[in-house]
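Survey of secondary and tertiary structure
Each chain is listed here by its residues.
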Amino acid sequence: MWDLRSQSLESNDLPAALSETARQMTSGTPVRAEVQVSGHARRLPAQIENNALRIAQEALTNALKHAQPRNVVIELSFEPSNLCLRVRDDGKGFDAEGVLGAQDGHFGLLGMRERVEHVGGCLRVVSEPGGGTEVVADIPIK
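This write-up is about the structure you can find in this document. (Residues numbered from 1 in each chain as written. Predicted model: local features only at pLDDT ≥ 70, side-chain atom pairs only at ≥ 80, totals over all residues. Heavy atoms only, no water.)

1. Considering the sheet that holds strand β5 (residues 133–140)
If you trace the five strands from one edge of the open sheet to the other, you get β1-β2-β3-β5-β4, paired in mixed fashion. Looking at the sheet topology across the chains shown, the edges are occupied by β1 (32–39) and β4 (122–127). Within the sheet, the average angular offset between the axes of one strand and its neighbour, ignoring direction, is 10 degrees. Of the pairings in the sheet, the one linking strand β3 (residues 82–89) to β5 comprises eight bridges and is antiparallel in character. Bridge pairing in β5 links V87 to V135. On top of the sheet, helix α3 (residues 46–67) reaches β2 (71–78), β3 and β5; it is set at about 10 degrees to β3, its chief contact. Its contacts with the sheet put helix α4 (residues 107–118) on β4 and β5, and the angle it makes with β4 is roughly 150 degrees. (Pairing = 2+ DSSP bridges. Helix = DSSP H or I, 4+ residues; strand = E, 2+ residues; numbered from the N terminus. Axes fitted to C-alpha atoms, helices over the stretch in contact; angles between N-to-C directions. Contact = heavy atoms within 4.5 Å.)

Below you can see the structure in the form of structure tokens.
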């Protein structure tokens, strides 16, 4: 189940799939979503692309559902041996230290962490009340 490929990745690369997903998710809302790409954008193994897309979708879902942001920026940094996915919003933020996971009803954070660990990476969530949220997934490219 982890590796089921998203339909949007069948016909698009990761940056295009993220742009389309962000457009669809924010359509009809006042939220402005932007995808920024740095480094040499290229196709990656399906497992990495799919998990990166799902992590970004969940981070965007959390922002739209809980944070009331005006702007969300999704950054993809393609490095020779690493993909860095960063989803940053200017919403209301939360106490990241006080949120542990599923036992607190935060399945999205747990799911993102499990997905990034599934591909050998690590996840950081930085947030504070009133200060927006940043979700960073560092994923090695093998």
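2. Some points on the side chain of D138
Position of D138 among the secondary structure elements: in strand β5. Judged by its relative accessible area of 19%, D138 falls in the buried class. Side chain to side chain, D138 and R124 meet in a polar contact 2.9 Å long. Residues contacting D138, with those up to four places away along its chain left out, are N82, L83, C84, V116, G121, C122 and R124. (Buried < 20%, exposed > 50% of the residue type's maximum accessible area, 1.4 Å probe, protein only. Polar contact = N/O pair within 3.5 Å; in protein donor to acceptor, adjacent residues only side chain to side chain.)

3. Things to note about the pattern of salt bridges
Applying the stated criterion to the full structure yields eight salt bridges. Through salt bridges with shared partners, a single ionic network connects E75, R86, R88 and E134. (Salt bridge = Lys/Arg side-chain N within 4 Å of Asp/Glu carboxyl O.)

4. Looking at unusual backbone geometry
Residues other than glycine seldom take positive phi values, yet Q68 does so here, at roughly 55 degrees. Examined against the element boundaries, Q68 turns out to sit in the loop between α3 and β2. Taking the relative accessible area as the measure of exposure, Q68 reaches 63% and is therefore exposed.

5. Some details on the pairing of β2
With respect to burial, β2 is a largely interior element, six of its eight residues being buried. Where β1 lies against β2, eight bridges are found, and the strand directions are parallel. Looking at β2, one finds that R32 is bridged to N71. Sheet topology places β2 next to β3; seven bridges connect them, and they run antiparallel. Residue pairing in the sheet places V73 in a bridge with R88 of β3. Joining the antiparallel neighbours β2 and β3 is a turn of three residues.

6. Quick word on helix α2 (residues 14–26)
Taking 1.5 Å of rise per residue, the 13 residues of α2 would be expected to cover 18 Å, and the 18 Å separating its terminal C-alpha atoms lies within 8% of that figure. Turning to α2, its buried residues are L14, P15, A17, L18, T21, A22 and T26. Summarising the axial view, the buried residues of α2 lie within an arc of 160 degrees, below the 170-degree limit, and thus occupy one face. Where α2 is buried, its residues meet α1 (7–11), β1, α3, β2 and β3. The backbone nitrogen of A16 lies 3.0 Å from a side-chain oxygen of the residue at the head of α2, namely D13. (Expected span 1.5 Å × (residues − 1). Arc of directions from axis to C-beta.)

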